[in-house]
Amino acid sequence: IGHIGTTSFYPSKVLGAYGDGGAITTHDKELANRIKMIANHGQSRKYYHDLVGCNSRLDSIQAAILNIKLKRLDDYITRRQEKATYYDKELSLLEDITIPHRNYSSTHVFHQYTIRVRDGRRDALKEFLASKAIPSMIYYPLPLYEQKAYAGYNSTNFSLSETERACQEVLSLPICPELRESDQDYIINTLKTFFR
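Residues numbered from 1 in each chain as written. Predicted model: local features only at pLDDT ≥ 70, side-chain atom pairs only at ≥ 80, totals over all residues. Heavy atoms only, no water.

Here we come to the overall build of the protein chain. In terms of helices and strands, the protein chain carries six helices and seven strands. The order of α-helices and β-strands along the protein chain, N terminus first, is β-β-α-β-β-α-α-β-β-α-α-β-α. On C-alpha atoms alone, the protein chain measures out to a radius of gyration of 21 Å, which is more than a quarter above the 16 Å that the 2.2 N^0.38 rule sets for 196 residues. Dimensions along the principal axes, computed over C-alpha positions, put the protein chain at roughly 65 × 50 × 35 Å. (Helix = DSSP H or I, 4+ residues; strand = E, 2+ residues; numbered from the N terminus. Rg over C-alpha atoms; globule rule 2.2 N^0.38 Å.)

The structure is reproduced here in structure tokens:
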């Protein structure tokens, strides 16, 4: 897709390991060699450090788990898509939320199923779901340009109104291949109860 790609194998990802892990892909051999060196303590060969690097190698246990799960990846994705389609069908008539947009000329693996909750009710919905033992998550509550780590890079104090609105509205609902239909019905009915 581009010059460089990154993939997280964090345990909750569609293709997740048992612990932390990830991969970087590129067709650029020079860049690939530099990345390998950085991930291996900056070594060009054992005990010879050409760069300041880190220990970012995927360990054998994580690789073995990923190797097994990779064989079932298509099934995991299909089951996530089925769960998302069921959410779409059941939640599309709720006027207070927006379900994820689907571009039917491409596919979506639904690592998350993220709705947008209108009228400032997102936090109240999250609390209501929690009171009913339903986990939900607000990913990225602040735009990057409002994060303390990036404060020095926004000298013009620009803002992105749609980004800021999304940060106030997004809420991710439970989705995984193992989610039972009865559990999904419970989540859906709880949402419907909240918005009545």
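It is worth spelling out the packing of aromatic side chains at this point. Within the structure shown, the criterion is met by seven aromatic pairs. Residues Y145 and F158 carry aromatic rings whose centres are separated by 5.0 Å and whose planes lie at 45° to one another, so their mutual orientation is tilted. Here Y145, found in the loop between α4 (122–131) and α5 (161–169), pairs with F158, found in the loop between α4 and α5; they are 13 residues apart in sequence, far enough to count as distant. Classification of Y145 by relative accessible area gives buried; the value is 13%. With relative accessibility at 38%, the residue F158 sits in the partly exposed group. Among the aromatic residues, ring-to-ring pairing joins Y87, F110 and Y113 into one connected group. One cation-aromatic arrangement involves R45 over Y48; the distance from NZ or CZ to the ring centre is 3.9 Å. (Phe/Tyr/Trp six-rings, centres within 6.5 Å; stacked < 30°, edge-to-face > 60°. Buried < 20%, exposed > 50% of the residue type's maximum accessible area, 1.4 Å probe, protein only. Lys NZ or Arg CZ within 6 Å of the ring centre and 35° of its normal.)

The end-to-end C-alpha distance of helix α6 (residues 181–195), which contains 15 residues, comes to 21 Å, matching closely the 21 Å that a straight helix rising 1.5 Å per residue would cover. When we look at burial in α6, the residues that qualify are Q184, I187, I188, T190, L191, F194 and F195. Within α6, the buried residues cover an arc of 155° as seen down the axis, which keeps them to one side. Of the surrounding secondary structure, the elements contacted by the buried residues of α6 are α3 (73–91), β5 (97–98), β6 (113–117), α4 and β7 (170–173). (Expected span 1.5 Å × (residues − 1). Arc of directions from axis to C-beta. Contact = heavy atoms within 4.5 Å.)

Glancing now at the packing of α3 against α6. Viewed as axis vectors pointing N to C, α3 and α6 meet at an angle of 30°, and their least axial separation amounts to 11 Å. Of the possible angle classes, the one that applies to α3 and α6 is roughly parallel. Relative to α6, α3 is oriented so that their crossing is right-handed. Along the contact surface, α3 presents K83, Y86, Y87, E90 and L91, while α6 presents E181, Q184, D185, I187, I188, L191 and K192. Across the contact of α3 with α6, the residue classes tally to six nonpolar, one polar and five charged. (Axes fitted to C-alpha atoms, helices over the stretch in contact; angles between N-to-C directions. Parallel < 35°, antiparallel > 145°, perpendicular 65-115°, else oblique. Left-handed = near helix turned anticlockwise from the far one by under 90°. Nonpolar A, V, L, I, M, F, W, Y, C, P; charged D, E, K, R; others polar.)

The next thing to look at is the side chain of S136. For S136, the position within the fold is in the loop between α4 and α5. Owing to a relative accessible area of 12%, S136 belongs among the buried residues under this scheme. Setting aside anything within four residues of it in sequence, one finds S136 in contact with K126, L129, L171 and S172.

To continue, consider the sheet that holds β7. Pairing between sheet strands relies on hydrogen bonds along the backbone, with the strands arranged either parallel or antiparallel. An order of β5-β6-β7 is seen for the three strands of this open sheet, with the pairing classed as antiparallel. For this open sheet the edge positions go to β5 and β7, each flanked by a neighbour on one side alone. On top of the sheet, α4 reaches β6 and β7; it is set at about 25° to β7, its chief contact. α5 rests against β6 and β7 of the sheet, and its axis sits at about 105° to β6. (Pairing = 2+ DSSP bridges.)

The next thing to look at is the packing of α4 against α6. Contact geometry for α4 and α6: axes closest at 10 Å, N-to-C directions at 130°. The orientation of α4 with respect to α6, classified from their angle, is oblique. For the element pair α4 and α6, the recorded crossing hand is right-handed. Of the residues in α6, those touching α4 at A124, L125, F128 and L129 are T190, L191, T193, F194 and F195. Residues belonging to the contact of α4 with α6 are distributed by class as follows: seven nonpolar, two polar and no charged.

So far we have only geometry, and geometry alone does not tell us how the molecule works.
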